[in-house]
Amino acid sequence: MIKTIAEIGQAHNGSLELLYAYIDAVAITGADAIKFQTHIADAESSIYEPFRVKFSEDKTRFDYWKRMEFSLAEWIDIGKYCKKRGLQFISSPFSNAAVDILEQAGVDIYKVGSGEVTNHLLLKKIIETEKPIIISSGMSSFEELDHTVAFLKQHKADFSILQCTTSYPTMPESYGLNVINELKLRYGVTVGFSDHSAKVATGIAAVALGAEILEFHVVLARDQKGPDVSSSLTIEESISLIASVKDIDTALTNPVNKYDNASFSDLKQIFEKSLAVNKDLTKGHILQFGDLEAKKPKGYGINAGDYKKVIGRAINKNLNRWEFLNEQDLV
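The structure reproduced in this document is the subject of the present report. (Residues numbered from 1 in each chain as written. Predicted model: local features only at pLDDT ≥ 70, side-chain atom pairs only at ≥ 80, totals over all residues. Heavy atoms only, no water.)

### Thoughts on the nonpolar core
Core analysis: the largest hydrophobic core is formed by 63 residues, its most contacted members being F36, I78, F89 and I133. Setting aside residues no more than four positions away along its own chain, F36 makes contact with I8, G9, L19, I23, W75, I78, C82, F89, I90, S91 and S92. Formed by 11 residues, the second largest nonpolar core is a distinct cluster that contains V277, I315, L319 and L325. (Core = buried A, V, L, I, M, F, W, Y, C linked by side-chain atoms within 4.5 Å. Buried < 20%, exposed > 50% of the residue type's maximum accessible area, 1.4 Å probe, protein only. Contact = heavy atoms within 4.5 Å.)

Have a look at this one:
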C-alpha cells in the first residue's frame, strides 16, 4: 500500500486558524498523513543564519522561524485534531527541543528534512523515541547517506528514505526518478519520493517506478504567500493525484499473467477470425494470398493465423464471395 503524505510545511504562515483549515482540506483528499514542520527558533537557529536573511515581512530568517512557532499546548491540540480527521500526524523537528514537544503532542512519524540528514545528534534523539523515521535525501550524496544509514541501522531504527531534490519548484531534469531504485538496491529499505514539482504527473511516475511513500506539498490557493507555494499542488490536484496513485498501487499489486489468457476465451471467440474467400471462386482454383480475407468470428473456418497452409492448394468445390474456407473445401 502506497503511503501518501500531504506536506503543509509553512503554508499556514504562522496562523493557527489557517493550519486547522489545512487539516480539514487534507482530510478530504484521501491522503494517509499530514506533515508539518516544528520550529523553535532559539534552539535551531541564530541571528547569524545567512539563508534568506530578508524574508517576507520578517527582518531576518530567525524572525521568520519565531513567527512559525506554536506552543506545546497548541501542538498537542494539533496532533489530536489530525487523528480526529483520520490523518497520521507527521512533523519534521529541527532541534532536539522540538522532538520533546512532538513526543508530548503524540506525533506518529518523524520526518527528517534534507538539511538534517548529517545531524546525528538530532537523529539519536529521534531514534530514542522508537517512532518510525522518514529520511529526506535531497541535499545528500550517497557517501553521506551511507554514514547516516549505517548510524540508523546500528541503532536498529525503523526508517525509510525518500528521493528528493532540494529545488523549489523542481524541474523535470532534476526529479531524480532513477534514484528511487538505486536507493532500494543500495540500502534495502522502504523508499519513497518527496515531490516539489507542483505537477500531478510527477507523483504518478514516481509510484509507477517503485516509490512506496509519496510526499507532496499542498496549498489552498496559488496566490497564497509562502516559500513553498510554487512547488505545491492545490487541494483539487491533490485529490486527483491520490486517486491516480491508488489506481497505480492496485495495478502494481495485481500483476497480469501473460502466460495464461484463459479469461479471454469468450472474447477471443468473438473477435478472432476465420479464413474466407474475397471473391467467387470455381472448383479447382489454386488459392493465392489475394483470394483470402479474415472474418469474424473464430471457429467458422480455418484460423486466420494459418493462412499459409492453404496457399497453393486447390478448392474442391465452387465458393461464393465471403464464404468461410474450411479444410474439407480443399484438395
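Structure's up, so let's keep going.
### Details of helix 5 (residues 96-105)
Among the residues of helix 5, those classed as buried are A98, V99, I101, L102 and A105. An end-on view of helix 5 places all buried positions within 165° of arc, on one side of the element. Buried positions along helix 5 lie against strand 2 (33-38), helix 4 (72-84), strand 3 (88-93), strand 4 (109-112) and helix 6 (120-127). In the stretch just after helix 5, G106 is the one whose phi turns positive, near 80°. (Helix = DSSP H or I, 4+ residues; strand = E, 2+ residues; numbered from the N terminus. Arc of directions from axis to C-beta.)

### Some details on helix 8 (residues 179-187)
Those residues of helix 8 that fall on the buried side of the exposure criterion are V179, I180, L183 and Y187. Taken end-on, helix 8 shows its buried residues confined to a sector of 110°, consistent with a single buried face. Looking at the buried residues of helix 8, the elements they touch are helix 7 (142-154), strand 6 (159-164), strand 7 (191-195) and helix 9 (200-208). Two residues or fewer after helix 8 comes G188, characterised by a positive phi angle close to 65°.

### Concerning the packing of aromatic side chains
The full count for this structure, using the stated rule, is 8 aromatic pairs. Aromatic side chains Y64 and W65 sit 5.3 Å apart centroid to centroid with 50° between the ring planes, which places their arrangement in the tilted category. Relative accessible area serves as the criterion here: at 9%, W65 is assigned to the buried category. By way of ring pairs, the aromatic residues F36, F70, W75 and F89 are connected into one cluster. (Phe/Tyr/Trp six-rings, centres within 6.5 Å; stacked < 30°, edge-to-face > 60°.)

### What about empty space enclosed by the protein?
For the coordinates displayed, the defined rule picks out 1 cavity of 30 Å³ or more. Considering only enclosed or pocket space, the largest cavity measures out at about 70 Å³ in volume. Around the largest cavity, the lining comprises 12 residues; the ones closest to its centre are Q10, A11, D228, V229 and S232. (1 Å grid on protein atoms, 1.4 Å probe; cavity = no way out; pocket = protein on both sides within 12 Å on 5 of 7 lines; lining within 4 Å. Points joined across faces, edges and corners; volume = space filled by probe spheres on them.)

### Some details on the packing of helix 6 against helix 7
Describing two packed helices takes the angle between their axes plus the distance from one axis to the other. Here helix 6 crosses helix 7 at 30°, and the two axes come no closer than 11 Å. It follows that helix 6 is roughly parallel to helix 7 by the angle criterion. In terms of crossing hand, the pair formed by helix 6 and helix 7 is right-handed. Counted together, H120, L123, K124 and I127 of helix 6 and H147, T148, F151 and L152 of helix 7 form the full contact between these two elements. Partitioning the contact of helix 6 with helix 7 into residue classes produces 4 nonpolar, 3 polar and 1 charged. (Axes fitted to C-alpha atoms, helices over the stretch in contact; angles between N-to-C directions. Parallel < 35°, antiparallel > 145°, perpendicular 65-115°, else oblique. Left-handed = near helix turned anticlockwise from the far one by under 90°. Nonpolar A, V, L, I, M, F, W, Y, C, P; charged D, E, K, R; others polar.)

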